[in-house]
Amino acid sequence: DQQVKQNSPSLSVQEGRISILNCDYTNSMFDYFLWYKKYPAEGPTFLISISSIKDKNEDGRFTVFLNKSAKHLSLHIVPSQPGDSAVYFCAASVEGAQKLVFGQGTRLTINP
Amino acid sequence: EAGVAQSPRYKIIEKRQSVAFWCNPISGHATLYWYQQILGQGPKLLIQFQNNGVVDDSQLPKDRFSAERLKGVDSTLKIQPAKLEDSAVYLCASSLAPQSYEQYFGPGTRLTVT
């Protein structure tokens, strides 16, 4: 039972343009969502998060949007840079559990 | 601040052999996690420790996997005997829970079972 889904295994974007990565979830008890970035041969690193009481959180070039009614969140990267090329994981948690459920990941490639 | 340390980085064993992985979390982080990441999938939680007590091991295959966290700091994850389907990257993470949802990951150990 895949509770967190990232339906796009890969995404290719031109440098300077916007990258949009999508994530869907099925468990309505999830109330905190995170995005992680992973380079080859390294562990995932935390990028940005959002609580279910918000619908948007911004940090520099990165913005996460949450649509609770659709059980959908997205990560926007503007402008995209070559260093953004990595695998991005969406993760979700139930309040108080600290346990993260991860999606399958989306490989983002930024083309010069 | 030193990150999460893991060793070894790579391990190749034959099926039915045993293997152990070591993790040293970030200093002061009470919560430690072990994840299994199979190629093409996201990390899957195997076990979660709060200090040296187990919080969640519902997805740990207990017939072959074991983990311990002595003195609430370092942790080891063992597989005995290994199967071909155990080939994966084993990630250790730690967090300042319960204050934070953010988890900090080590580089992982890539296990290949032949």
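Just so it is clear, the structure is predicted and the values come from calculations on it, not from any experiment. (Residues numbered from 1 in each chain as written. Chains lettered and ligands numbered in written order. Predicted model: local features only at pLDDT ≥ 70, side-chain atom pairs only at ≥ 80, totals over all residues. Heavy atoms only, no water.)

Caption draft 1: Just the nonpolar core, in detail. Ranked by internal contacts, the top residues of the largest apolar core, which has 23 residues, are F33(A), W35(A), L73(A), L75(A) and Y88(A). Of all elements in the fold, only β3 (19-25), β4 (30-38), β5 (45-51), β7 (62-67), β8 (72-77), β9 (86-94) and β11 (106-111) of chain A reach the threshold of two or more residues within this core. Tallying contributions element by element places β9(A) first for this core, with four residues. For Y88(A), the residues in contact, after removing those within four places along its chain, are Q6(A), L21(A), W35(A), Y36(A), K37(A), L47(A), L75(A), I77(A), G105(A), T106(A) and L108(A). V4(B), F49(B), L77(B) and Y90(B) belong to the second largest nonpolar core, which has 21 residues in total. (Core = buried A, V, L, I, M, F, W, Y, C linked by side-chain atoms within 4.5 Å. Buried < 20%, exposed > 50% of the residue type's maximum accessible area, 1.4 Å probe, protein only. Helix = DSSP H or I, 4+ residues; strand = E, 2+ residues; numbered from the N terminus. Contact = heavy atoms within 4.5 Å.)

Caption draft 2: Just the packing of aromatic side chains, in detail. A complete count under the given rule lists 13 aromatic pairs over all chains for this structure. Between Y35(B) and F105(B) the ring centres are 5.4 Å apart and the planes differ by 45°, which places this aromatic pair in the tilted class. Of this pair, Y35(B) sits in strand β4 (residues 31-37) while F105(B) is found in strand β10 (residues 104-105), placing the two residues 70 residues apart along the sequence. By the burial criterion, Y35(B) is buried, and F105(B) matches it. One aromatic cluster in this structure is built from Y36(A), F46(A), F89(A), F102(A), Y33(B), Y35(B) and F105(B). (Phe/Tyr/Trp six-rings, centres within 6.5 Å; stacked < 30°, edge-to-face > 60°.)

Caption draft 3: Spatial organisation of the sheet that holds strand β3 (residues 19-24) of chain B. Residue and element names in this part refer to chain B. Sheet architecture is open: four strands sit in the order β1-β3-β8-β7, paired in antiparallel fashion. Of all the strands in the sheet, the pair left with one neighbour each is β1 (5-7) and β7 (65-68). Shown here is a sheet whose adjacent strand axes are inclined to one another by a mean of 15°, direction ignored. With three bridges joining them, β1 and β3 adopt antiparallel strand pairing. Bridging across to β3, S7 finds its partner in W22. (Pairing = 2+ DSSP bridges. Axes fitted to C-alpha atoms, helices over the stretch in contact; angles between N-to-C directions.)

Caption draft 4: Structural detail: unusual backbone geometry. Residue P79(A) is bonded to the preceding V78(A) through a cis peptide linkage, with omega at -15°. Relative to the helices and strands, P79(A) resides in the loop between β8 and β9. Backbone geometry places A41(A), a non-glycine residue, at a positive phi of 65°. Of note, the phi angle at R16(B) is positive, near 80°, even though the residue is not glycine. Its place among the elements puts R16(B) in the loop between β2 (10-13) and β3. Under the relative-accessibility criterion, R16(B) is labelled exposed at 64%.

Caption draft 5: Local environment of the environment of S80(A). All names here are of chain A. Here S80 lies in the loop between β8 and β9. Of the residues examined, S80 reaches a relative accessible area of 2% and is grouped as buried. C-alpha separation for the pair S80 and N57, spaced 23 residues apart in sequence, amounts to 18 Å. If sequence neighbours within four positions are ignored, S80 has contacts with V13, Q14, E15, G16, R17, I18, S19, R61 and I110. A distance of 2.8 Å separates a polar atom in the side chain of S80 from the backbone oxygen of R17. In this structure the side chain of S80 is engaged in a polar contact, spanning 3.5 Å, whose partner is the backbone oxygen of I77. (Polar contact = N/O pair within 3.5 Å; in protein donor to acceptor, adjacent residues only side chain to side chain.)

Caption draft 6: Structural detail: the state of the cysteines. Counting across every chain of the model gives two disulfides over all chains. A sulfur-sulfur separation of 2.1 Å characterises the disulfide bridge that pairs C23(A) with C90(A). Negative torsions about the S-S bond denote left-handed disulfides, and the value of about -70° found for C23(A) with C90(A) makes this one left-handed. Separated by 67 residues along the polypeptide, C23(A) in strand β3 and C90(A) in strand β9 bring together distant segments of the chain. You can call C23(A) buried: its relative accessible area is 1%. Through a disulfide, C23(B) is tied to C92(B); the S-S separation comes to 1.9 Å. Here the disulfide of C23(B) and C92(B) is left-handed, its torsion about the S-S bond being about -70°. With C23(B) in strand β3 and C92(B) in strand β9 (residues 88-95), this residue pair connects regions lying 69 residues apart in the sequence. (Disulfide = S-S within 2.5 Å.)

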